[in-house]
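# Overview (structure and organization)
This is what each chain is made of:
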Amino acid sequence: MGRLGWRGHFGGLAARLDGAFGADGVFAHDRLRFVDFVDDVEELLEEVARWEEGDEEAADGFEEYVLQHYARD
């Protein structure tokens, strides 16, 4: 987000993802599937992209990238 100049939106996005992480900062797998979390984050980034860029293209590929690099079978 910082590279795109969207750093100012981070706090708002983090607040909207409340509940996805426990008090220890670990992802709460018992409350939310990781793939659903990544999908939610991509939707939020698309909202920011529409606001900042006029379309959501800047957020394209986020979900695929994360799932390819971080999801485990």
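One can find the structure itself at the top, above this paragraph.
Note that the coordinates shown come from a computational prediction; the quantities given were computed from them, not determined experimentally.

Tallying secondary structure elements over the protein gives 3 helices and 0 strands in all. Helices and strands in the protein line up, N terminus first, as α-α-α. Looking at the protein as a whole, 25% of its 73 residues are labelled buried. Sequence separation of 24 or more characterises 44% of the internal contacts of the protein that already satisfy a separation of 6 or more. When the accessible surface of the protein is summed, it comes to about 5400 Å², and 49% of that surface belongs to carbon and sulfur atoms.

To continue, consider the packing of aromatic side chains. Per the stated rule, a full pass over the model turns up 5 aromatic pairs. The interplanar angle of 90 degrees and the centroid separation of 5.5 Å between the aromatic rings of F21 and F37 together place this pair among those described as edge-to-face. Here F21, found in the loop between α1 (10-16) and α2 (34-53), pairs with F37, found in helix α2; they are 16 residues apart in sequence, far enough to count as distant. With a centroid separation of 5.7 Å and an interplanar angle of 85 degrees, the aromatic rings of F27 and F34 are classed as edge-to-face. Residue F27 is classed as buried on the basis of its relative accessible area, which comes to 12%. An aromatic cluster of three or more residues is present, and its members are F21, F27, F34 and F37.

The next thing to look at is the nonpolar core. One finds L17, A20, F27, F37, V38, V41, L44, L45, A49, A59 and V66 forming the largest nonpolar core, which totals 11 residues. Looking at which element gives the most residues to this core, the answer is α2, with 6 residues.

Scoring rules and cut-offs
- Residues numbered from 1 in each chain as written.
- Predicted model: local features only at pLDDT ≥ 70, side-chain atom pairs only at ≥ 80, totals over all residues.
- Heavy atoms only, no water.
- Helix = DSSP H or I, 4+ residues; strand = E, 2+ residues; numbered from the N terminus.
- Buried < 20%, exposed > 50% of the residue type's maximum accessible area, 1.4 Å probe, protein only.
- Contact = heavy atoms within 4.5 Å.
- Areas by Shrake-Rupley, 256 points an atom, 1.4 Å probe, with all protein chains shown as cover.
- Phe/Tyr/Trp six-rings, centres within 6.5 Å; stacked < 30°, edge-to-face > 60°.
- Core = buried A, V, L, I, M, F, W, Y, C linked by side-chain atoms within 4.5 Å.

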